[in-house]
Amino acid sequence: MTIEAFMEEWNDSSDRILVHTSGTTGKPKPMWVEKRRMEASARITCNFLGIREGDRALLCLPLDYIAGKMMAVRSLVRGLRLKVVEPCGHPLSADNLTDEEAQLDFVAMVPMQVYNSLQVPLERRRLMNIRHLIIGGGAVDDVLAHELRSFPHAVWSTYGMTETLSHIALRRLNGGEACEWYTAFPSVQLSATAEGCLVVDAPLVCAERLVTNDVVVFNPSRPDQFRVLGRRDLVICSGGIKIQAEEVERQLRPYMRVPYIISKAADSKFGEVVALLMEPCDVEAVRQLCSEHLPRYWQPRIIRVVPKILLTETGKPRRDIRCYPVG
């Protein structure tokens, strides 16, 4: 979708607009959301971050999904000067922005775009000069967070989903305010199911209470703060033991040198077993490092080399082992 097509849809007579879910666990699904709630979400974010009328913003995310649409809506609601570039891996490149255009106050990116920008000196400098950088659409891993820790301006990891019209909580990644906990906006109430999944009550942006698939723990001293352990549908129940796929990935991250993901496979004895999918690498060497650095019951029973780790349309890894070739 182009910005012109979005503006035409935004300014039509309907009070709703069509968005698509990200497709993390399946095919993206269409859903209709109220424009007034998108405007409310935009005001909440801009007020929290101190985004002012006339500030310069960059739209470098697809307008087919909520993250891109919300950057456009924030620009409209707050009166921002919005620069639009084609979604790509290097939005801050010299091909996309002049030096003047790169003086930005507010940018939203996915982790892959941030990672790529850090590898190019010009883009890294431009990234460091952004007054407020928000990162969503996927987890910010420890390596990327470390790279951003010394940035001079505010860098945030976001928590949210299509149903909450982008984020409802932020976590500061750098400076003296850096924190391991996501903090919900004041208008948001949080709780958890018996299984530990986060429940979001955000009436300004979502008409109904939303039960997520995210397994969380709350800060004992701050009920508005939480950490995400992983997705409930990524819990591997192996021989009666529950293993969070993302926790296994986190444990392996310092040692793996190729792209990889943790998935699960059905097993007649254990019910489910841990499966490691990785791009070409020495299987026996990986099996050895798993043996050295993972608890016995976390160690992959299946290690499969695949040509490439597949991504969804929004850049998240496809975890369903059935999507990958055997052998």
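Worth saying up front: this structure is predicted, and the values here are computed from it rather than measured.

Caption draft 1: Structural view of the overall build of the protein chain. Helices and strands together make up the secondary structure of the protein chain, namely eight helices and 18 strands. Taken over C-alpha atoms, the radius of gyration comes to 20 Å for the protein chain, in line with the 20 Å a tight globule of 327 residues would show. Principal axes of the C-alpha set define a box for the protein chain whose edges measure 60 × 45 × 40 Å. Buried residues in the protein chain amount to 48% of all 327 residues. Here the analysis covers contacts within the protein chain between residues at least 6 apart in sequence; of these, 56% occur between residues at least 24 apart.

Caption draft 2: Fine view of the sheet that holds strand β4 (residues 81-84). The sheet built from eleven strands is open, its strands ordered β4-β3-β5-β6-β7-β8-β9-β13-β12-β11-β10 with mixed pairing. The open sheet terminates on both sides in strands that have one partner only, identified here as β4 and β10 (189-192). When strand polarity is set aside, the average angle formed by the axes of neighbouring strands in this sheet is 40 degrees.

Caption draft 3: Broad picture of the packing of helix α4 (residues 111-118) against helix α5 (residues 121-128). Here α4 crosses α5 at 120 degrees, and the two axes come no closer than 6 Å. With respect to their mutual orientation, α4 and α5 come out oblique. Judged by residue contacts, Val114, Asn116, Ser117 and Leu118 of α4 engage Glu123, Arg124 and Leu127 from α5. Grouping the constituent residues of the contact of α4 with α5 by class yields three nonpolar, two polar and two charged.

Caption draft 4: Broad picture of the packing of helix α2 (residues 35-49) against helix α3 (residues 66-78). In the contact formed by α2 and α3, the axes pass within 9 Å of each other and the chain directions differ by 75 degrees. Relative to α3, the element α2 lies roughly perpendicular. Of α3, the residues touching α2 (which contributes Met38, Glu39, Ser41, Ala42, Arg43, Thr45, Cys46 and Asn47) are Ile66, Lys69, Met70, Val73, Arg74, Val77 and Arg78. Its residues placed into classes, the contact of α2 with α3 shows seven nonpolar, three polar and five charged.

Caption draft 5: Inspection of α2 at higher detail. A rise of 1.5 Å per residue sets the reference length of α2, with its 15 residues, at 21 Å; its end C-alpha atoms lie 21 Å apart and thus fit the reference within 8%. Listed as buried for α2 are Lys35, Arg37, Met38, Ala40, Ser41, Ala42, Ile44, Thr45, Cys46 and Leu49. Just downstream of α2, Gly50 is the residue with a positive phi angle, here 75 degrees.

Calculation criteria
- Residues numbered from 1 in each chain as written.
- Predicted model: local features only at pLDDT ≥ 70, side-chain atom pairs only at ≥ 80, totals over all residues.
- Heavy atoms only, no water.
- Helix = DSSP H or I, 4+ residues; strand = E, 2+ residues; numbered from the N terminus.
- Rg over C-alpha atoms; globule rule 2.2 N^0.38 Å.
- Buried < 20%, exposed > 50% of the residue type's maximum accessible area, 1.4 Å probe, protein only.
- Contact = heavy atoms within 4.5 Å.
- Pairing = 2+ DSSP bridges.
- Axes fitted to C-alpha atoms, helices over the stretch in contact; angles between N-to-C directions.
- Parallel < 35°, antiparallel > 145°, perpendicular 65-115°, else oblique.
- Nonpolar A, V, L, I, M, F, W, Y, C, P; charged D, E, K, R; others polar.
- Expected span 1.5 Å × (residues − 1).

What is shown is where atoms sit, not what they do.
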